[in-house]
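One-letter residues, chain by chain:
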Amino acid sequence: MTGVERIRSAIANRQGDTTAAFMPYFPSGFPSRPESVAMMRSMADAGADLFEIGFPFSDPLADGPTIQAATHRALLNGMKTRDCLDIAKELRDAGITQPFCAMSYYNPIFNYGPDRFIEDAVRAGFDGFIIPDLPPDEGQEMEEACREAGLALVYLLAPSSSRERIELVTSRSTGFVYLVSVLGTTGARASLPDYLTDLVAQVRADTDTPVCVGFGVSNGVQAAQVASIADGAIVGSALVKAADGPDGADAVKSLARELARGAHGH
Amino acid sequence: MVDQIDAIFQADDYGVHYPDSRGRFGPYGGKYVPETLIPALEELEDIHATAMQDEDFRTELNSLLETYVGRPTPLTHARRLTEHFGGPEIYLKREDLAHTGAHKINNALGQALMVKRILGKNRVVAETGAGQHGVATATACALLDMECVVYMGSVDMARQAPNVFRMRLLGADVREVSSGSQTLKDAINEAIRDWVTNVPDTHYLLGSALGPHPFPVMVRNLQSVIGREARRQMLDPSTGPGQLPDVVVACVGGGSNAIGMFYPFVMDPGVRLVGVEAGGRGIDSHEHAARFADPKMGRLGVLHGTRSYVLQDEDGQIALTHSISAGLDYASVGPEHALLRDRERAEYFYCTDEQALAGFELLCRQEGIIPALESAHAVGWLPELMSDVSSDDVVLVSLSGRGDKDLDTVMAELSPGH
Ligand SMILES: Cc1ncc(COP(=O)(O)O)c(C=O)c1O
């Protein structure tokens, strides 16, 4: 199977009227390198269907304070692009089989060399990429290289997206479409916006590609709400916050369980 | 009379091709932004095109430039500076005499008017390094009755304190940014985050020829009034030497005063265009902001929505920069400069902190003009030019701003009368 197929099948396994895939985002190297590996392993046990593995960047302009602080810490811990790739490898060696998407800003990839990056990412066990500052307008090069390697290049949509943008993104995104639920940066939010149901419906009307919702989803109830309208629930900041306490590992595991239950409809 | 902004649409060969419809200047530029912002950038492209062809808009902007900003700014023959070097005749384009004390007002007022009149948005966010763009934006917002939020790094707030106070007097909400290097780069991150969150009613008024398309071309168009005026003033014997300059020199932070000055001269092949970057404590120290001068750290990259030269470490993390001048202290450079350099149409050199301070003092003593530390980089580089020019040559220097804001910094470095 190609990376795109593995992602599609992991999502399809959970697709249903009230169910969806649960996709945690976690920054590699936070709070420390070994802890980030341990936490992702525990989330895999807790019911994660796919992973977004975060690569740190010095200028994360799409991120709110929680993820900014976490990825900054990862950089202080000395995390390099190579280390993030190695973490995926480590997880694969430990028997984790869920699909992995690398979540990275474009400059570290561009600097590494897109072709070499994709090659090394395949070797490390990645299935796709999410690059928040690479819209389809600038993505051709990366897209072609991903197509050859069978990896997904996931593009994003937002509440501000026009009809034309929705058509463009749904026709170009592979693996799934990442629907940003709010105007703004990443961060846990108390409730999901009222317009979300309509927004998801509008995007889904346009495509067979699964639609996963992220930004702001932070508890089991919200995960269940997302599951009733979309194909996947992406959770980042809430898990990062949970990881940042004295009992971080336990807190992450129990939140991941709650989110998985919400998304999986039980 | 202010040189009509119509000239923007008398596109020459160069302008017809760059940027292309995707906002590319050859391999540079583009739109590397989160999807959320794409509609706002598309809208901005539209209003930029509309505004430039809208008779009422042009009339209003030109009238404000004349009656409010004080344009055209003078061209000054720097006689004593010329004598000091004993070389070419030196002329100064006096953007320091524009209202608010720097060229930044040309862009701030143009964008604010565009957004207010054509888009109807009433909230503006901006970043600022030296505070000059923040002051210019706060001024435009006061004039046009718009809400203004300015993001500024903590380090810059400390070293440009008078400008923080000026912005607040003008009614702006100045927000301190204490993440990362606490300078211009981080202020831009925070301004973009605000924009992403409030995009339906907010315009991001970017202060240099940087960022995603259409900012580099829009800012260049609004700033090229500097070069159009200077070119006419040089050619007219009643205001200048009656000839084109042989060399044009401007400091380059993001690159707006430089591109505004260069652009109208690009099609004059005999005119050498020279940009001066901030050499900080020297290239080997790695504490500088000379993107073109450091082959190890200054490489092609993507920062803040545009592809250009970026100071970065071997892992693609953006480097911390240093310059004595807050306005030049930035890790990337406007994409059009990267193209002009590739085409060998413009050359780029650097001036260290020490050389800039020498330039600062020199201009104070020889001409009675206290320059901004940014502009002092153009002056401080002149000694290096002297071996390369003859005494019949004419040199035009962009004096992008005045130095009142920098007195604390300079006081800490120099003791008068030494
Ligand atoms: C007086 C002055 N000159 C130059 C600059 C550098 O900007 P740019 O390269 O966009 O002209 C600044 C920026 O703050 C400034 O205040």
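In this text the structure is predicted, and so the values were computed from the model without any measurement.

Participant: Describe the sheet that holds strand S7 (residues 173–177) of chain B, with residues and values.
Facilitator: Residue and element names in this part refer to chain B. Taken in spatial order, the four strands make up an open sheet running S7-S6-S5-S8, and their pairing is parallel. The sheet is open, and its two borders are formed by S7 and strand S8 (202–204), each paired with just one other strand. Strand-to-strand twist in this sheet, taken as the mean axis angle between neighbours without regard to direction, amounts to 25°. Pairing of strand S5 (residues 123–128) with strand S6 (residues 147–153), which is carried by six bridges, proceeds in the parallel orientation. When the sheet's bridge partners are listed, valine 124 is paired in S6 with cysteine 148.

Participant: Explain the domain arrangement of chain B residue by residue, including any values.
Facilitator: Residues and elements named next belong to chain B. Segmenting chain B into domains produces domain 1 (25–69 + 104–219) and domain 2 (75–101 + 224–413). For domain 1 and domain 2, the distance between their C-alpha centres works out to 22 Å. Taken together, the contacts link 41 residues of domain 1 with 42 residues of domain 2. Between domain 1 and domain 2 the total buried area reaches about 3200 Å² when both faces are included, carbon and sulfur atoms providing 58% of it. When residues of domain 1 are sorted by the area they lose upon contact with domain 2, Tyr28, Tyr32 and Arg159 head the list and together hold 22% of the total. Across the pair aspartate 329 and arginine 159 runs a salt bridge, and its minimum N-O distance is 2.8 Å. Sorting the residues of the side of domain 1 that touches domain 2 by element identifies strand S2 (28–29), helix H3 (55–69), helix H5 (104–119), helix H6 (132–144), helix H7 (154–159), helix H8 (161–169), helix H9 (184–198) and helix H10 (215–223) as the ones contributing at least two each. By residue number, the principal contributor to the side of domain 1 that touches domain 2 is H9, which donates five residues.

Participant: Got a sec to walk through the sheet that holds strand S8 (residues 211–214) of chain A? Specific residues and values, please.
Facilitator: The strands making up a sheet associate through backbone hydrogen bonding, with each pair oriented either parallel or antiparallel. All names here are of chain A. Strand order in this open sheet of nine strands is S5-S4-S3-S2-S1-S9-S8-S7-S6, and the pairing throughout is parallel. Looking along the sheet, the strands with just one partner apiece sit at the ends: strand S5 (152–154) and strand S6 (156–157). Contacting strand S1 (21–27) and strand S2 (51–54), helix H2 (residues 33–46) runs over the sheet at an angle of about 175° to S1. Set on the sheet, helix H9 (residues 196–204) makes contact with S6, strand S7 (177–180) and S8; between it and S7 the angle comes to about 155°.

Participant: Would you mind going over the pattern of salt bridges in detail, with residue names and values included?
Facilitator: Here the structure, examined in full by the defined rule, presents 49 salt bridges over all chains. In this structure, A:Asp127 and A:Arg6 form a salt bridge, with 2.5 Å as the shortest nitrogen-oxygen distance. Taken together, the positions of A:Asp127 in the loop between helix H6 (114–124) and strand S4 (128–130) and A:Arg6 in helix H1 (residues 3–12) put the pair 121 residues apart, joining distant regions of the chain. B:Arg123 is the salt-bridge partner of B:Glu147, the closest N and O atoms lying 3.6 Å from each other. On the criterion of sequence distance, the pair formed by B:Glu147 in strand S6 and B:Arg123 in strand S5 is long-range, its members being 24 residues apart. Overall, B:Glu147 belongs to the partly exposed group, its relative accessible area being 46%. One continuous salt-bridge network, built from bridges that share partners, spans A:Arg82, A:Asp86, A:Glu119, A:Asp120 and A:Arg123.

Participant: If you had to explain empty space enclosed by the protein to someone new, which residues and values would you point to?
Facilitator: Residue and element names in this part refer to chain B. Evaluation of the coordinates by the stated rule reveals seven cavities of 30 Å³ or more. By volume, the largest cavity is sized at about 310 Å³. Together, 30 residues line the largest cavity, and His103, Lys104, Ala130, Gly327 and Glu374 are the ones closest to its centre. Breaking the lining of the largest cavity down by element, the ones donating at least two residues are S5, H6, helix H12 (256–262) and helix H15 (373–385). Two domains each put at least three residues into the lining of the largest cavity: domain 1 (25–69 + 104–219) and domain 2 (75–101 + 224–413). Empty space within the second largest cavity amounts to approximately 250 Å³.

Participant: Lay out the interface of chain B and chain A in plain terms, naming residues and giving numbers.
Facilitator: Each partner contributes residues to the interface: chain B has 35 residues there, and chain A has 37 residues. For the pair chain B and chain A, the two sides together bury roughly 2900 Å², of which 49% comes from carbon and sulfur. Counting across the chain B and chain A interface gives six salt bridges. Residues B:Arg24 and A:Glu138 are paired through a salt bridge, measuring 2.3 Å at the closest nitrogen-oxygen approach.

Rules used throughout
- Residues numbered from 1 in each chain as written.
- Chains lettered and ligands numbered in written order.
- Predicted model: local features only at pLDDT ≥ 70, side-chain atom pairs only at ≥ 80, totals over all residues.
- Heavy atoms only, no water.
- Pairing = 2+ DSSP bridges.
- Helix = DSSP H or I, 4+ residues; strand = E, 2+ residues; numbered from the N terminus.
- Axes fitted to C-alpha atoms, helices over the stretch in contact; angles between N-to-C directions.
- Domains from an automatic or database assignment.
- Contact = heavy atoms within 4.5 Å.
- Buried area = accessible area lost by both parts, 1.4 Å probe.
- Salt bridge = Lys/Arg side-chain N within 4 Å of Asp/Glu carboxyl O.
- Buried < 20%, exposed > 50% of the residue type's maximum accessible area, 1.4 Å probe, protein only.
- 1 Å grid on protein atoms, 1.4 Å probe; cavity = no way out; pocket = protein on both sides within 12 Å on 5 of 7 lines; lining within 4 Å.
- Points joined across faces, edges and corners; volume = space filled by probe spheres on them.

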